[in-house]
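# Structure assessment
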Amino acid sequence: MSASAAILLAASESGHSDENVLIPPLSELLIGTLAFGLLVAFFFWKIRPQIAKTYALRTERIEGGIARAESAQREAQALLEQYRAQLTEARAEAARIRDDAHTEGRQIVEELRASAQREIADIKERADAQLAADRAQIVAQVRREVGVIAIDLASKIVGYQVESTATQARLVDDFIAALDNSAEGAGSTPAPVGSGG
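From a predicted model like this one, the values you see are computed outputs, not experimental measurements.

### Some points on the overall build of the protein chain
Helix and strand counts for the protein chain come out as three helices and zero strands. When its helices and strands are written in sequence order, the protein chain yields α-α-α. When the 197 residues of the protein chain are sorted by exposure, 6% land in the buried category. Contacts spanning at least 24 positions in sequence make up 26% of the contacts within the protein chain whose residues lie at least 6 apart. Counting only carbon and sulfur atoms, one obtains 60% of the accessible surface of the protein chain, whose full area is about 16600 Å².

See the structure below:
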């Protein structure tokens, strides 16, 4: 037997007017049990579904927030990897551009050097040609002047005027040849020509 049945049996057997405080009257026990049953039924019928619904919503929100946070973290990680790859690529591109610039700079310097060397060679060649032309002009002028001086000197030595152009040219050439021979024989200083009179 159950405890409530035992209590009910004990209450019915005692017919005393003295009531036991520990044993409630049967009507109160039935009303209390019925009220508790209704309260439990109402809890399971109305309140428990609301609690389960609220719990499910909170669980869904929390799990959704966690999922969104994980998704955002994955996206952030993917963006970070993408930015790192772009940064690495940009660094490689910058290094390649820097190397290309160094190479082009060296090529430009070499081209400028070669151009400068060509210009120097051209300038030197023109200067040598100009020097040769100036030398030839000076030598021709000196020959004429030496020829005139030699003719004057020969005229004074011989005692008469040498008139023939062929004779003058021959005398000048002989005199210059003698000067060249004496300059080669005695170093770079020509032998002095003494005056006869």
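### Some thoughts on the UniProt feature "transmembrane region" (unreviewed entry) in the protein chain
UniProt records the feature "transmembrane region" (unreviewed entry) at residues 27-45, using the numbering of this structure. Here residues 27-45 runs as 100% helix and 0% strand, with 26 Å between its end C-alpha atoms.

### Notes on the environment of Glu110
Considering the arrangement of structural elements, one finds Glu110 in helix α2 (residues 26-158). For Glu110, a relative accessible area of 46% gives the class partly exposed.

### Things to note about the packing of aromatic side chains
Inspection of every chain in the model, using the stated rule, returns two aromatic pairs. With a centroid separation of 6.5 Å and 70° between ring planes, the pair formed by Phe42 and Trp45 is classed as edge-to-face. Of this pair, Phe42 and Trp45 both sit in helix α2, three residues apart, which is roughly one turn of the helix. Phe42 sits in the partly exposed class, given a relative accessible area of 40%.

### Concerning α2
Between its first and last C-alpha, α2 extends 187 Å over 133 residues, near the 198 Å set by a 1.5 Å rise per residue. The largest bend along α2 measures about 40° and falls at Ile47, with the proline Pro49 one to four residues further on. Taken together, the buried positions of α2 are Gly64, Val146, Gly147, Ala150, Ile151, Ala154 and Ser155.

### Some thoughts on a nonpolar patch on the surface
There is a patch of nonpolar side chains on the surface, built from Phe42, Phe43, Phe44, Trp45, Ile47 and Ile51 and spanning about 630 Å² of accessible area. Within the secondary structure, Ile47 is located in helix α2. According to the relative accessible area criterion, Ile47 is partly exposed, its value standing at 34%.

### Overview of the pattern of salt bridges
Across all of its chains, the model carries four salt bridges by this definition. Between Glu81 and Arg84 there is a salt bridge; the shortest N-O distance is 3.7 Å. Residue Glu81 and its partner Arg84 are located together in helix α2, separated by three residues, close to a single helical turn. Across the pair Arg113 and Glu110 runs a salt bridge whose closest N-O atoms are separated by 3.2 Å. You can see Arg113 and its partner Glu110 sitting in helix α2, three residues apart, about one turn around the helix. It is possible to trace a salt-bridge network through shared partners that takes in Glu93, Arg96 and Asp100.

### Here's the deal with a negative patch on the surface
On the surface, Glu119, Asp122, Glu125 and Asp128 cluster together into a patch of negative charge. Assignment of secondary structure puts Glu119 in helix α2.

### What to know about the confidence of the model for the protein chain
Predicted confidence across the protein chain gives a mean pLDDT of 81, with 80% of residues reaching 70 or more. The lowest-confidence element of the protein chain is helix α1 (residues 3-13), averaging 66 in pLDDT; the highest-confidence one is α2, averaging 89. Long-range and interchain partners of residues 193-197, a stretch whose pLDDT sits below 50, account for four contacts in this model, where long-range means more than four residues apart.

Thresholds applied
Residues numbered from 1 in each chain as written. Predicted model: local features only at pLDDT ≥ 70, side-chain atom pairs only at ≥ 80, totals over all residues. Heavy atoms only, no water. Helix = DSSP H or I, 4+ residues; strand = E, 2+ residues; numbered from the N terminus. Buried < 20%, exposed > 50% of the residue type's maximum accessible area, 1.4 Å probe, protein only. Contact = heavy atoms within 4.5 Å. Areas by Shrake-Rupley, 256 points an atom, 1.4 Å probe, with all protein chains shown as cover. UniProt positions renumbered as here; feature names shortened; annotations may be inferred. Phe/Tyr/Trp six-rings, centres within 6.5 Å; stacked < 30°, edge-to-face > 60°. Expected span 1.5 Å × (residues − 1). Bend = angle between axes of the 7 residues up to and from the residue. Patch = residues over 30% accessible without salt bridge, like charges linked within 9 Å, V, L, I, M, F, W, Y side chains within 5 Å. Salt bridge = Lys/Arg side-chain N within 4 Å of Asp/Glu carboxyl O. Lys, Arg positive; Asp, Glu negative; His and termini not counted. Charge placed at Lys NZ, Arg CZ, Asp CG, Glu CD. pLDDT = per-residue confidence, 0-100.

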